[in-house]
Amino acid sequence: TYIVNDLCIKCKYTDCVEVCPVDCFYEGENMLVIHPDECIDCGVCEPECPAEAIKPDTESGLEKWLEVNAKYAEVWPNITVKKDAMPNADALATEEGKFEKYFS
Ligand code: SF4
Ligand code: F3S
């Protein structure tokens, strides 16, 4: 599966949702997640994200994000249509420690 990590937080460009062939993105207040059981590993979303927040879970060190994606994909609503990015998305795209600061 692919996962969304903290680079999405407070940005939510949502380019990713438009290209997913199985519509497996779910939206929280500050970030999106991918449902790991629904993702078919096609990889088309990865280059679409301006924040580079989407990675294959085969990369090392992403266990935390796989857990976050699996947990919240079960409770957040599905999102399939692109919308405006969050305010100041470009400025916040490279901020560090966003999970600790903003995740809810
Ligand atoms: Fe959707 Fe493919 Fe991205 Fe998985 S890798 S979330 S199936 S676009
Ligand atoms: Fe987030 Fe990137 Fe999609 S910022 S909403 S994962 S395009």
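This one's a predicted model, so the numbers in the text were calculated from it and none came from an experiment.

A. Structural detail: the overall build of the protein. What the protein contains, in helices and strands, is four helices and four strands. What you see in the protein, going N to C, is helices and strands ordered as β-α-β-β-β-α-α-α. Relative to the 2.2 N^0.38 estimate, which gives 13 Å for 104 residues, the radius of gyration of the protein is 12 Å and therefore close to what a compact globule would have.

B. View of the site of ligand 1. The environment of ligand 1 is made up of 13 residues, and the closest members are Tyr2, Cys20, Cys39, Cys42 and Cys45. Considered class by class, the residues forming the shell around ligand 1 number 11 nonpolar, one polar and one charged.

C. Local environment of the site of ligand 2. Near ligand 2 you find 14 residues, and of these Cys8, Tyr13, Cys16, Cys49 and Ala51 are the closest. Class assignment for the residues of the shell around ligand 2 results in 10 nonpolar, one polar and three charged.

D. A look at helix 2 (residues 63-73). Buried residues of helix 2: Trp65, Val68, Asn69 and Ala73, and no others. Around the axis of helix 2, the buried residues are gathered within 110° of arc, so they sit on the same side. Exposed and oriented more than 90 degrees from the buried face of helix 2 are Glu63, Lys64, Glu67 and Lys71. Taken together, the buried residues of helix 2 touch strand 1 (2-4), strand 2 (25-27) and strand 3 (32-34).

E. Local environment of the nonpolar core. Counting 28 residues, the largest nonpolar core has Val4, Cys8 and Ile34 as the members making the most contacts within it. Elements represented by at least two residues in this core include exactly strand 1, helix 1 (15-19), strand 2, strand 3 and helix 2.

F. Region of interest: unusual backbone geometry. Positive phi values are uncommon outside glycine, yet Lys10 reaches one of about 70°. A positive phi is found at Asp41, a non-glycine position, where the angle reads about 65°. Take Asp41: it is sitting in the loop between strand 3 and strand 4 (54-56).

G. Expanded view of the environment of Lys83. Assignment of secondary structure puts Lys83 in the loop between helix 2 and helix 3 (89-92). On the basis of neighbour count, Lys83 is assigned to the exposed category, with 11 C-beta atoms found within 10 Å. In this structure the C-alpha to C-alpha distance between Lys83 and Pro56, which are 27 residues apart in sequence, comes to 24 Å.

H. How the structure looks around the confidence of the model for the protein. A residue-level look at the protein finds 99% of positions with pLDDT of 70 or above and a mean pLDDT of 96. Quick note on the complex model: pTM equals 0.96, ipTM equals 0.97.

I. Main features of the environment of Glu48. Position of Glu48 among the secondary structure elements: in the loop between strand 3 and strand 4. With 15 C-beta atoms counted inside 10 Å, the residue Glu48 sits in the partly exposed group. Along the chain, Glu48 and Thr14 lie 34 residues apart, while their C-alpha atoms are 9.0 Å from each other. Ignoring sequence-local partners within four residues, the contact set of Glu48 consists of Asp15, Cys16 and Val19.

Definitions and limits used
- Residues numbered from 1 in each chain as written.
- Chains lettered and ligands numbered in written order.
- Predicted model: local features only at pLDDT ≥ 70, side-chain atom pairs only at ≥ 80, totals over all residues.
- Helix = DSSP H or I, 4+ residues; strand = E, 2+ residues; numbered from the N terminus.
- Rg over C-alpha atoms; globule rule 2.2 N^0.38 Å.
- Near = placed C-beta within 6 Å.
- Nonpolar A, V, L, I, M, F, W, Y, C, P; charged D, E, K, R; others polar.
- Buried ≥ 20, exposed ≤ 12 C-beta atoms within 10 Å, placed from the backbone.
- Arc of directions from axis to C-beta.
- Contact = placed C-beta atoms within 7 Å.
- Core = buried A, V, L, I, M, F, W, Y, C linked by C-beta atoms within 7 Å.
- pLDDT = per-residue confidence, 0-100.

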